[in-house]
Amino acid sequence: MKVLDQTLYKPNRKKLRRPELLAPAGNLEKLKFAVLYGADAVYIGGQQFGLRSKAGNFSIEDMAEGVRFAHEHGVKVYVAANIIAHNEDFIGLEEYLRTLKELKVDAVIIADPAIIETCKEVAPGLEIHLSTQASTTNWRAIQFWREEGVSRVVLARELSMEEIREIKVHTDAEIEVFIHGAMCMSYSGRCVLSNYMTSRDANRGGCAQSCRWRYNLLTEGDEGEEVPVFREDGEAFTMGSKDLALIEQIPQLIEAGVESLKIEGRMKTIHYVATVVGVYRQVIDAYIADPEHFIFKEEWKKELLKAANRPITTAFFSRDPSHEDQIFGPSPKMVSFDFVGLVLAYDEKTGMALVEQRNHFAVGDEIEFFGPKRQNFSQKVEEIINEAGESVDAARHPLEKVRIRVKEPVAPYDMIRKEKSS
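Residues numbered from 1 in each chain as written. Predicted model: local features only at pLDDT ≥ 70, side-chain atom pairs only at ≥ 80, totals over all residues. Heavy atoms only, no water.

Colleague: Now, about the layout of surface pockets: what can you tell me, with residues and values included?
Modeller: Approximately 780 Å³ is the volume found for the largest pocket. Lining the largest pocket are 32 residues, with Gln282, Gly371, Pro372, Arg374 and Asn376 positioned closest to its centre. Sorting the residues of the lining of the largest pocket by element identifies α1 (28-36), α9 (270-289), α10 (298-305), β18 (366-371) and β19 (374-380) as the ones contributing at least two each. Within the lining of the largest pocket, the residues separate by chemical class into 14 nonpolar, eight polar and 10 charged. (1 Å grid on protein atoms, 1.4 Å probe; cavity = no way out; pocket = protein on both sides within 12 Å on 5 of 7 lines; lining within 4 Å. Points joined across faces, edges and corners; volume = space filled by probe spheres on them. Helix = DSSP H or I, 4+ residues; strand = E, 2+ residues; numbered from the N terminus. Nonpolar A, V, L, I, M, F, W, Y, C, P; charged D, E, K, R; others polar.)

This is how it looks when you write it as structure tokens:
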């Protein structure tokens, strides 16, 4: 465990405001897991006007169900409509914004000034949040957007803690800060590399993540030929950043008065969403409950890394990033656990859990259970019973429903994972 360095911030012992924990939801299933694992709000995308065209996204029907589910659990829903619009992108926009208001979404996240103006005209009263795509890095710009009717600004990811503190001193707008997830190599995601490489516009939802490809550096030889600068067996070059993780910096953000702490990842799995949301929920709650005696637990970070796709960094939070915050050569394999099953039901009399298989697991495997209302526990798989009531040696088929004996009570929406074999 780590005692918090009290010199990193100036504690304010007035009653602290609990910040909103804002989670990504790429589809309806992910929304439900984000809600159940502790999010205060979720952000989603429709099938138009958002920047994650490959995320699955929500039909209007799914969006209506998602809003109902979230609101029943006291959770807000924000819809991203944060493309940088071209002329043709306005087709259907007015009807879409009216529909969002009718569905009672809690806010719409917008980057383009013209879409902001359209929203104010056709859906008055629908709360507007300024997307990180607007690259807002100073409080004077926030004042401008505030006058334009924006109630919350999602800050650019290129800001330090000191800059965030200064912004909070000078504005009454709500501030949202990214605390976890992928970092973009361009300013707050406003990149054109994908356009040049693949004709897929990153600012209209089509990013091909060209910065994460492997590159070589070539020079011209004596006879005009292309000659690699690096040896064939040398490390390839990428422009990819390590992922952001501010889990140890949450107290500073709370003390600064940041209203919303945002997790990136609408294209990530339900295992990722549940794990990351669950960990940050614990950290926030622990600090709010007793800031004077808060101790950072290393187990929180270990739990977070069970769902990590890339190495982590604090990026711009306390300094300018260096080469140590980049990924050179092949991307390291970070995820050490497979998500193997989802608990559907539990029978107290028999101690058997009904599980939906999500990845291969077998008799004899060591598995770990975790969930929104339980302590993690591990056990060996002693027996697997298939739907026909037969004892089998493994759960092999996707979404197959099997029964296994568990040593502790479990509940629907609990998850099962197992460590990958080396």
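Colleague: So, the nonpolar core: which residues are in play, and what are the values?
Modeller: By size, the foremost hydrophobic cluster in this structure holds 100 residues, and its most contacted members are Val42, Leu253 and Tyr280. With 12 residues, the top contributor of residues to this core is α9. Residues Ala353, Ile367, Phe369 and Ile404 belong to the second largest nonpolar core, which totals 16 residues. (Core = buried A, V, L, I, M, F, W, Y, C linked by side-chain atoms within 4.5 Å. Buried < 20%, exposed > 50% of the residue type's maximum accessible area, 1.4 Å probe, protein only.)

Colleague: Talk me through a nonpolar patch on the surface; I want residue IDs and the actual numbers.
Modeller: On the surface, a nonpolar cluster with roughly 460 Å² of combined accessible area is contributed by Val192, Tyr196, Met197 and Trp213. Positionally, Tyr196 belongs in helix α7 (residues 193-198). With relative accessibility at 73%, the residue Tyr196 sits in the exposed group. (Patch = residues over 30% accessible without salt bridge, like charges linked within 9 Å, V, L, I, M, F, W, Y side chains within 5 Å. Areas by Shrake-Rupley, 256 points an atom, 1.4 Å probe, with all protein chains shown as cover. Salt bridge = Lys/Arg side-chain N within 4 Å of Asp/Glu carboxyl O.)

Colleague: Talk me through the pattern of salt bridges; I want residue IDs and the actual numbers.
Modeller: Here the structure, examined in full by the defined rule, presents 27 salt bridges. Here Glu176 makes a salt bridge to Lys262, at a shortest N to O gap of 3.1 Å. With Glu176 in strand β8 (residues 174-181) and Lys262 in strand β12 (residues 260-263), the pair connects residues that are 86 residues apart, well separated along the chain. A residue is classified by how much of its surface remains accessible, and Lys262, at 4% relative accessible area, is buried.

Colleague: Go over the packing of α1 against α9 with me, naming the residues and quoting the values.
Modeller: Relative orientation and spacing of two packed helices are given, respectively, by the angle between their axes and the distance between those axes. α9 packs onto α1 with a crossing angle of 20 degrees between their chain directions and a minimal axis gap of 9 Å. Comparing the axis directions of α1 and α9 gives the class roughly parallel. Between α1 and α9 lies a crossing whose hand is right-handed. Contacts between α1 and α9 involve Glu29, Lys30, Phe33 and Ala34 on the former and, on the latter, Ile270, Val273 and Val277. Broken down by class, the residue content of the contact of α1 with α9 amounts to five nonpolar, no polar and two charged. (Axes fitted to C-alpha atoms, helices over the stretch in contact; angles between N-to-C directions. Parallel < 35°, antiparallel > 145°, perpendicular 65-115°, else oblique. Left-handed = near helix turned anticlockwise from the far one by under 90°. Contact = heavy atoms within 4.5 Å.)

Colleague: So what about the packing of α1 against helix α2 (residues 60-72)? Which residues, and what values?
Modeller: At a minimum axis distance of 10 Å, the contact between α1 and α2 shows a crossing angle of 10 degrees. With respect to their mutual orientation, α1 and α2 come out roughly parallel. For the pair formed by α1 and α2, the contact residues are Leu28, Leu31, Lys32, Val35 and Leu36 on the first element and Asp62, Glu65, Gly66, Phe69 and Ala70 on the second. When grouped by side-chain class, the residues that make up the contact of α1 with α2 number six nonpolar, one polar and three charged.

Colleague: Explain the packing of aromatic side chains residue by residue, including any values.
Modeller: On inspection of all chains with the given rule, the structure shows eight aromatic pairs. Taking 5.2 Å as the distance between ring centres and 75 degrees as the angle between the ring planes, the aromatic pair formed by Tyr287 and Phe294 counts as edge-to-face. On the basis of relative accessibility, which here comes to 0%, the residue Tyr287 falls in the buried class. Through a chain of ring-to-ring contacts, the aromatic side chains of Phe33, Tyr37, Phe370 and Tyr413 assemble into a single cluster. (Phe/Tyr/Trp six-rings, centres within 6.5 Å; stacked < 30°, edge-to-face > 60°.)

Colleague: Help me get a handle on helix α5 (residues 139-147), residues and values and all.
Modeller: When we look at burial in α5, the residues that qualify are Trp139, Ile142 and Trp145. The arc that holds the buried residues of α5, viewed along the axis, is 110 degrees, so those residues lie on one side. Opposite its buried face, α5 presents the exposed residues Arg140 and Glu147, each directed more than 90 degrees away. Where the residues of α5 are buried, they touch α4 (113-122), β6 (128-130), β7 (152-154), α6 (161-170) and β8. The residue sitting at the N-terminus of α5 and contributing the capping side-chain oxygen is Asn138; that oxygen lies 3.1 Å from the backbone nitrogen of Arg140. Looking one or two residues beyond α5, the residue adopting positive phi is Gly149, at roughly 100 degrees. (Arc of directions from axis to C-beta. Polar contact = N/O pair within 3.5 Å; in protein donor to acceptor, adjacent residues only side chain to side chain.)

Colleague: Before we move on, could you go through the environment of Thr118 and cite the residues and values that matter?
Modeller: Topologically, Thr118 is positioned in helix α4. For Thr118, a relative accessible area of 11% gives the class buried. The residues contacting Thr118, other than those within four sequence positions of it, are Phe90, Leu93, Glu94, Leu97 and Ala123. Polar contacts involving the side chain of Thr118 include one to the main-chain carbonyl oxygen of Ala114, which spans 2.8 Å.

Colleague: Give me the lowdown on the pairing of strand β16 (residues 352-357), citing residues and values where you can.
Modeller: The buried fraction of β16 amounts to six of the six residues, a majority that puts the element mostly inside the structure. With burial as the criterion, each face of β16 is covered, one bearing Met352, Leu354 and Glu356 and the other bearing Ala353, Val355 and Gln357. Across six bridges, the pairing between strand β15 (residues 337-347) and β16 is antiparallel. Counted as the bridge partner of Gly341 is Gln357 from β16. Where β16 meets strand β23 (residues 401-405), five bridges bridge the pair, whose relative direction is antiparallel. Across the sheet, the residue bridging to Ala353 is Ile404, located in β23. (Pairing = 2+ DSSP bridges.)

Colleague: Could you give an account of the sheet that holds strand β24 (residues 415-419), naming the residues involved and the relevant values?
Modeller: With antiparallel pairing, eight strands are arranged side by side in an open sheet as β19-β18-β24-β15-β16-β23-β20-β21. Two strands bound the open sheet, and with one partner strand each, they are β19 and β21 (391-392). Where β15 and β24 come together, five bridges link them in antiparallel fashion. Note that in β24 the partner of Phe337 across the bridge is Glu419.

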